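Here's the letter readout for the chains.
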Amino acid sequence: MVHTGLMEFMKNHEDYKGLNIGLIINHTSVTLNMQMSIDALLASGLNVTAIFSPEHGLRGQVKEGEHIDHQTDGRSGLPVYSLYGKNKTPKEEWFETIDLLVFDIQDLGVRFYTYIYTLANTMKLAGRLGKKFIVCDRPNPISGNRIEGNRLDLQYASFIGNYQLPIRHGMTVGELAKYFNNGYGFNIDLTVIPMKNWKRDMWFDDTGLSWIPPSPNAPSIEMAQVYPGTCFFEGTNVSEGRGTTKPFEWVGAPWIDSYKWKQQLDAYDLEGVLFREVVFQPATSKYNGETCQGVHIHVVDRDRFKPVETASAMIETLKSTHPDSFEWIQLKDTRYMIDLILGTDEFRLNLLEKKPIQEWLHLQESLLDEFIEKREKVLMYR
């Protein structure tokens, strides 16, 4: 059984008595017996004075991208400052009376998952104000020894991608905190409380811990396995399965010929994955209530499966089989959503010019040496 950093923090809670503590948490911050961390810490006598919550809110009930207002926690009576509202960076006055900030949120292990930028933003301000900062480490659910995808171009930095990370970085949140601090001059008094019994090759279901959906559309480890790739479809007019029982595992649209698409995909002979034709009706999001045809991604060998390569092939074949229907989503500021997700416009432009996308992807992954060297310096589990 893996023990998270929160468990180790709780064991030594006497060390933090007398300090005003701010918690950066959400619904995934629980003890082994599923008690919310805020309840456990208050019961232990620690002086928690404020809570800071990320995207999806303190209780994880808010849908993706929806701004959240500040509130008061009904149970503890503490103020809950939203870090996913009008501003995604905390204000100095929120930290004025705080001596120690504690971060404990389950991440998904992917560059475009926003919790790690809530971590980075709070760390930066804590560093400027001279506040102590603790990260209670939790597992990378898709294992900690796999790196995939291109490194982000800082021209496309946003709250869904920054710090020149590749799509799949292979670090825990604690290691990411050290990576940010070491590589980007945060100048923070940082302590990472490591897990016990976690190994880099573990997937979440190897840990003995119970899966708590980190966000409403992350119901399972099966979703987490494919998400580093199928999140690409958020930048297209194709449903990524939101509003179904298989978000990010089912991908489709009303205009897709699923038989033709599957035939093309099967020809790629991608490792560790099989495709099945599927028909579904999303209850929310894209094509709400409409009948969509597409594919269900079945991961049959997750150690060989490459989600980034697989999703790249899915988009390449879809553009080939349905050139008049497939579209990229353009934002109000004229940028393309896919460029922010991928952290570059090269992916989209290569597909526009009908260049083999796998060649581009393999070139990008051959250029990760600098990242791997920086990452190596902060790894905590060998």
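Figured I'd write up the structure that's included with this text. Just so we're clear, the structure is a prediction, and the values are computed from it rather than from any experiment.

Thoughts on the overall build of the chain
Reasoning step 1: Looking only at helices and strands, one finds eleven helices and twelve strands in the chain.
Reasoning step 2: Relative to the globule expectation of 21 Å for 382 residues, the C-alpha radius of gyration of the chain, 21 Å, shows essentially globular dimensions.
Reasoning step 3: In terms of principal-axis extent, the alpha carbons of the chain reach across some 65 × 45 × 45 Å.
Reasoning step 4: Expressed as a percentage of contacts within the chain between residues at least 6 apart in sequence, the contacts between residues at least 24 apart total 73%.
Reasoning step 5: A gap of 3 Å separates the mean positions of the 40 positive and 50 negative side-chain charges of the chain.

Observations regarding the sheet that holds strand β6 (residues 132-136)
Reasoning step 1: Overall, mixed pairing links the seven strands, which are arranged β3-β4-β2-β1-β5-β6-β9 in an open sheet. For this open sheet the edge positions go to β3 (71-72) and β9 (189-193), each flanked by a neighbour on one side alone.
Reasoning step 2: Across five bridges, strand β1 (residues 20-25) lies against strand β2 (residues 47-53) in parallel orientation. Paired with N20 across the strands is N47, a residue of β2.
Reasoning step 3: Of the strands in this sheet, β1, β5 (100-104), β6 and β9 touch helix α3 (residues 115-129), which is tilted by about 160° from β6.
Reasoning step 4: Of the strands in this sheet, β5, β6 and β9 are in contact with helix α4 (residues 173-183), which crosses β9 at around 160°.

Brief notes about the side chain of D73
Reasoning step 1: As for its position among the elements, D73 is in the loop between β3 and β4 (79-82).
Reasoning step 2: Filtering out sequence-adjacent residues up to four positions away, D73 remains in contact with I51, L58, R59, L78 and V80.

Focus on the packing of aromatic side chains
Reasoning step 1: Going through the model one piece at a time under the given rule, you end up with 25 aromatic pairs.
Reasoning step 2: With a centroid separation of 6.0 Å and 45° between ring planes, the pair formed by Y84 and F159 is classed as tilted. Taken as a pair, Y84 in the loop between β4 and β5 and F159 in the loop between β7 (148-151) and β8 (166-168) lie far apart in primary sequence, 75 residues in all.
Reasoning step 3: Among the residues examined, F159 registers a relative accessible area of 17% and is labelled buried.
Reasoning step 4: Arranged with centres 5.7 Å apart and planes meeting at 70°, the rings of F232 and F347 form a pair that is edge-to-face. In this pair, F232 is assigned in the loop between α5 (221-230) and β10 (250-253) and F347 in helix α9 (residues 346-352), connecting sequence segments 115 residues apart. Like F232, the residue F347 is buried in the burial classification.
Reasoning step 5: Taken together, the aromatic side chains of Y84, Y117, F159, Y163, Y179, F180, Y184, F186 and F371 make up a single cluster linked through ring pairs.
Reasoning step 6: Here K88 stacks its cationic end above the ring of Y84, 4.7 Å away from the centre of that ring.
Reasoning step 7: Above the plane of the ring of F159 lies K88, whose end atom (NZ or CZ) is 5.7 Å from the centre.

Conventions and cut-offs
- Each chain carries its own residue numbering, running from 1 in the written order of its sequence.
- pLDDT decides what is reported in this predicted model: residues at 70 or higher carry local features, side-chain atom pairs at 80 or more are listed and counted, and totals for whole chains, interfaces and linings draw on all residues regardless.
- Calculated side-chain values reflect all of the structure's heavy atoms, with hydrogen atoms and water omitted.
- Runs of H or I in DSSP of at least four residues are treated as helices and runs of E of at least two as strands, each being numbered from the N terminus.
- As defined in this context, the radius of gyration uses C-alpha atoms, and a globule is described by 2.2 Å times the residue total to the power 0.38.
- Pairs of residues are marked as contacts when any of their non-hydrogen atoms sit within 4.5 Å.
- When charges are counted, Lys and Arg contribute as positive and Asp and Glu as negative, whereas His and the chain ends are disregarded.
- Note on charges: their place is set at NZ of Lys, CZ of Arg, CG of Asp or CD of Glu.
- A pair of strands is considered paired only if DSSP assigns at least 2 bridges between the two.
- Orientation is described by lines fitted to C-alpha atoms, with helices fitted over the stretch in contact, and by angles between N-to-C directions that extend from 0 to 180 degrees.
- The rule is short: rings of Phe, Tyr and Trp, with Trp giving its six-membered ring, pair when the centres are within 6.5 Å, and they are stacked under 30 degrees, edge-to-face over 60, tilted in between.
- Three exposure classes are used, based on accessible area relative to the maximum for each residue type with a 1.4 Å probe and protein chains only: buried under 20%, partly exposed in between, and exposed over 50%.
- Lysine and arginine charges are scored as sitting over a ring when NZ or CZ, respectively, is within 6 Å of the ring centre and within 35 degrees of the ring normal.

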